[in-house]
Amino acid sequence: QVALVESGGGVVQAGGSLRLSCEASGRVFSIDVMGWYRQAPGKQRELVAAITRGGITNYADSVKGRFTISRDNAKNTVCLQMNSLKPEDTGVYYCKGWDPPRNYWGQGTQVTVSS
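Now for a description of the structure that goes with this document. A quick note: this is a predicted structure, and the numbers were derived from the prediction, not measured.

Further remarks concern the pattern of salt bridges. Within the structure shown, the criterion is met by five salt bridges. Close ionic contact of E46 with R38 constitutes a salt bridge, the shortest N to O distance being 2.8 Å. By relative accessible area, E46 is classed as partly exposed at 37%. Its relative accessible area of 7% is what places R38 among the buried residues. The salt bridge involving D89 is made with R66; its shortest N-O contact spans 2.8 Å. Highlighted residues: D89 in the loop between strand 8 (77-82) and strand 9 (91-99) and R66 in the loop between strand 6 (57-59) and strand 7 (67-72), separated in sequence by 23 residues.

Here the focus is the sheet that holds strand 3 (residues 18-25). Pairing is antiparallel in the open sheet, where four strands are placed in the order 1-3-8-7. Two strands lie at the open edges of the sheet, namely strand 1 (3-7) and strand 7, each paired on one side alone. Taking the axes of each pair of neighbouring strands and ignoring which way they run, one obtains an average angle of 15° across the sheet. The pairing of strand 3 with strand 8 spans six bridges and is antiparallel. In the strand pairing of strand 8, L20 is matched with L80.

Right, let's talk about unusual backbone geometry for a bit. The residue after P100, namely P101, is reached through a cis peptide bond having omega 5°. Topologically, P101 is positioned in the loop between strand 9 and strand 10 (102-105).

So, how was this worked out
Residues numbered from 1 in each chain as written. Predicted model: local features only at pLDDT ≥ 70, side-chain atom pairs only at ≥ 80, totals over all residues. Heavy atoms only, no water. Salt bridge = Lys/Arg side-chain N within 4 Å of Asp/Glu carboxyl O. Buried < 20%, exposed > 50% of the residue type's maximum accessible area, 1.4 Å probe, protein only. Helix = DSSP H or I, 4+ residues; strand = E, 2+ residues; numbered from the N terminus. Pairing = 2+ DSSP bridges. Axes fitted to C-alpha atoms, helices over the stretch in contact; angles between N-to-C directions.

Below is the structure:
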């Protein structure tokens, strides 16, 4: 009965910034790990960033130094601040929650970075 809802996607020129947000709703008090995946057409979905309840983060090498993930444990929300965006960052971004033994996925939000 838990749902993740993303917001903040859009179109931006290379070098610009976007901030994605994800909020969990339903019968849940906490989620162990939350993060973001992205998927471009014809490509596999890849992990972009993740953060534990204690604030430990992990980033894909391609976004280190440009993206920052954060969360609000009380509300089970997670954000992804994306700076210095590149065209190769284009894709559908999905919020994910790991709450063993369950996983949760958001519906996805489109991010398009133009040259």
